[in-house]
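Working through the structure, step by step
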Amino acid sequence: MVLKIFFPQCCNTADSGLLVGRWIPGHNSAVVLAVIHYPFIPGQVKKYLNELQSQTQVELIVLGSWSMPKEGQEGMESFLKDLSTIFPQKCWLQLSREIGKIGFTCHVVQSNEKLLQDPEQENEDGSSEKDQITLIHYDQRKVMLSQIHPVKEVKSDSEPSELRLVFQTVAQSQLLFSQDKYDDGPLKLTHWQSEGREASIIAELLKQVSVPVCVFLTWLLSLWHYFCSFRIFNVRPVLFISSKLSTCVQSGHRALNFETAFSTKRVATHTDFMRKANIFVSFLVDIALGLLLISWLYRENRISKLANTLVPVADRVAKELQELLEWLMGAPAGLKMNRALDQVLGRFFLYHIHLWISYIHLMSPFIERILWYVGLSTCLGLTFALSILSDIVALLTFHIYCFYVYGARLYCLKIYGLSSLWRLFRGKKWNVLRQRVDSCSYDLDQLFIGTLLFTILLFLLPTTALYYLVFTLLRLVVVLFQGVIHLSVDFINSFPLFAIGLRICRPYRLAEGVKFSVLCEEPGTPLHLMMEINPIKFSSVLQLYRAPTYSCNPKDSWAALCKKLFVGELIYPWKQKKNAKTD
């Protein structure tokens, strides 16, 4: 049998006393948490452990004795050994260390007065069994603050491993580590905080201030929800427009993050804590980047320069579009187009450009003031500013979106018309009820009209397809620019900054496992191992702690996207079409 004793490094030089810890259920392992120094009263030790056990829900017991010989304490080891009758256990650990040696001896006395450290013992059936004791030294502070991954839920049916139970035991015994040598009490202990509790004045002040701040922000959030619950904001047109504006979507997402980050409820699990911390740090970084942007915008009169540049750029874009339409209305690349349809489409789109330019010139006196107030909104965060930029781009390129929708609808109508008429030639028809192609008989008149319509649509298809191709390319350029903005917003919202910072500064907090190295292997002493924590990989940190966020990008694959482009379905009007076919 192999007995593993997890011993904290901070107790290597502790004075003689009693070992306090816990036996790991289902395993031949014991975790030493602290050493109670001599002198002590056994009754007070039992009372103290019972109080700790009721508060921490950890079965803390006296595991054995620890002997560190000093002058005037020659009989201390035998005295501590006799305490096994006062604290009866199945196994009584007797650890002793000599000054000047790294390792220390260990004797385990069982309830039948049998020593476990005998090199080889003979069982009743005549077989021999070798007992071995291994002392595993660990950093108590790191183990207490660490979390082994993958994180298991509290209500998980699978039994936790031995290592996970060791980490949980140390983490749940924080109340034991709250007593230091400066506290007035009948018992003196040695643990990782025995020389003084680790604390920060700034951290304590922030804890005191955080509660009223969270209450105030929660009250403001409730006012925001009450304001959004007005009936005028729940009308279908308003809901439709708000669902398409990136600013409104980002505001709703930020409100949900506020509700999580500034909640006054105490988090119950490590996952909830990390999610709350990541959202809070992401919010602070977002606000800091927004303040940097607003300081840059309002310096050296950049708002006025931007407003004065906007109208000439719009005129330049309109001029380029007019030249493009005039080129399409002629003989583009030497292609023979349908003259009548080409002129109708070209004049129709030129009229839209004229309307758009009139709209821009009508708004030009107010552009600087609008940009000035929009710039102030960047104090709400860089993501809010990027969302407003996306909406401004959508408004400024609304004419391109209209061109794309008109061209796509005409092209899609011709494609579906040609496919339906092609089935007519083959004696087929689309069955709407059963969603399949069935055989169908047509008379001569139906075939004649179908042939006539098929010929007309086929000869008009190149003109429509050319306009659709040009405006689809323009629309894809706008979508690509907006996609970069949305990806930036999603990156800021979802990137686990707190987890990454914790992995860099304190890698032991996010543990993936442990590794052991031989610390001491002296004759006459057990094997001493040093347990070190293996931190989790950065890729795993991003995968585990990346916050969920909204996405404005389509969920289609590249194949589905190419299919939509070929048949003329809208790829970015935010609305996903159903795959229903009608004839």
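Here the structure is shown first, and the text comes after it.
The structure contained in this document is the topic of the report that follows. (Residues numbered from 1 in each chain as written. Predicted model: local features only at pLDDT ≥ 70, side-chain atom pairs only at ≥ 80, totals over all residues. Heavy atoms only, no water.)

Moving on, we come to the overall build of the protein chain. Counting secondary structure elements, the protein chain contains 16 helices and 15 strands. Counting over 583 residues, the protein chain shows a buried share of 40%. As displayed, the protein chain offers around 34,200 Å² of accessible surface, 63% of which is attributable to carbon and sulfur atoms. (Helix = DSSP H or I, 4+ residues; strand = E, 2+ residues; numbered from the N terminus. Buried < 20%, exposed > 50% of the residue type's maximum accessible area, 1.4 Å probe, protein only. Areas by Shrake-Rupley, 256 points an atom, 1.4 Å probe, with all protein chains shown as cover.)

With that settled, consider the pattern of salt bridges. Applying the stated criterion to the full structure yields six salt bridges. Between Glu-162 and Lys-4 there is a salt bridge; the shortest N-O distance is 2.8 Å. With Glu-162 in helix α4 (residues 162–172) and Lys-4 in strand β1 (residues 2–8), the pair connects residues that are 158 residues apart, well separated along the chain. For the salt bridge of Asp-286 with Arg-254, the shortest nitrogen-to-oxygen distance reads 2.5 Å. Of this pair, Asp-286 sits in helix α8 (residues 270–297) while Arg-254 sits in helix α7 (residues 246–261), and the two are 32 residues apart along the sequence. A relative accessible area of 0% means that Asp-286 is categorised as buried. (Salt bridge = Lys/Arg side-chain N within 4 Å of Asp/Glu carboxyl O.)

If you walk through the whole model with that rule in mind, you get three cavities of 30 Å³ or more. Estimates place the volume of the largest cavity at around 60 Å³. In terms of lining, the largest cavity is formed by Ser-65, Ser-67, Glu-77, Leu-80, Lys-81, Gln-94, Leu-95, Ser-96 and His-107. Put simply, the parts of the chain that give the lining of the largest cavity at least two residues each are β4 (61–67), α2 (76–82) and β5 (91–96). Tallied by class, the residues present in the lining of the largest cavity amount to two nonpolar, five polar and two charged. (1 Å grid on protein atoms, 1.4 Å probe; cavity = no way out; pocket = protein on both sides within 12 Å on 5 of 7 lines; lining within 4 Å. Points joined across faces, edges and corners; volume = space filled by probe spheres on them. Nonpolar A, V, L, I, M, F, W, Y, C, P; charged D, E, K, R; others polar.)

Here we take up the layout of surface pockets. For the second largest pocket, the calculated volume is near 1,100 Å³. Secondary structure elements with two or more residues in the lining of the second largest pocket: α7, α8, α9 (302–329), α10 (339–376), α11 (382–396) and α12 (398–425). A total of 10 residues in the lining of the second largest pocket trace back to one element, the largest contributor, which is α11. Partitioning the lining of the second largest pocket into residue classes produces 30 nonpolar, six polar and one charged.

Turning to helix α13 (residues 444–494), a few remarks are in order. Compared with an ideal rise of 1.5 Å per residue, which puts 51 residues at 75 Å, α13 spans 63 Å between its outermost C-alpha atoms and falls more than 12% short. Its axis deflected by about 40° at Leu-461, α13 carries its strongest bend there, up to four residues before the proline Pro-462. (Expected span 1.5 Å × (residues − 1). Bend = angle between axes of the 7 residues up to and from the residue.)

Here we take up the packing of aromatic side chains. What the rule picks out here adds up to 23 aromatic pairs. Relative to Phe-104, the ring of Trp-66 lies with its centre 5.2 Å away and its plane at 90°, an arrangement referred to as edge-to-face. Linking Trp-66 in strand β4 with Phe-104 in the loop between β5 and β6 (105–110), this pair joins segments that are 38 residues apart in sequence. The pair formed by Trp-66 and Phe-104 is uniform in burial state, with each residue classed as buried. (Phe/Tyr/Trp six-rings, centres within 6.5 Å; stacked < 30°, edge-to-face > 60°.)

Right, let's talk about the pairing of strand β2 (residues 17–23) for a bit. In terms of burial, β2 is a largely internal element, six of the seven residues being buried. For β2 and strand β3 (residues 29–37), the ladder comprises seven bridges, and the chain directions are antiparallel. Within the sheet, the bridge partner assigned to Arg-22 lies in β3 and is Val-31. Count of turn residues in the β2/β3 antiparallel hairpin: five residues, of which Gly-26 carries a positive phi of about 80°. Two strands pair when backbone bridges link them, and β2 and β4 are joined in this way by five bridges, in the antiparallel orientation. (Pairing = 2+ DSSP bridges.)

For the rest of this paragraph, the subject is the nonpolar core. In this structure, Leu-18 and Val-45 are the most contacted members of the largest nonpolar core, which totals 42 residues. Other than its neighbours up to four places away in sequence, Val-45 contacts Leu-18, Ile-36, Phe-40, Val-62, Phe-87 and Leu-187. If you look at the next biggest cluster of nonpolar residues, it comprises 22 residues, including Ala-318, Leu-321, Met-337 and Leu-466. (Core = buried A, V, L, I, M, F, W, Y, C linked by side-chain atoms within 4.5 Å. Contact = heavy atoms within 4.5 Å.)

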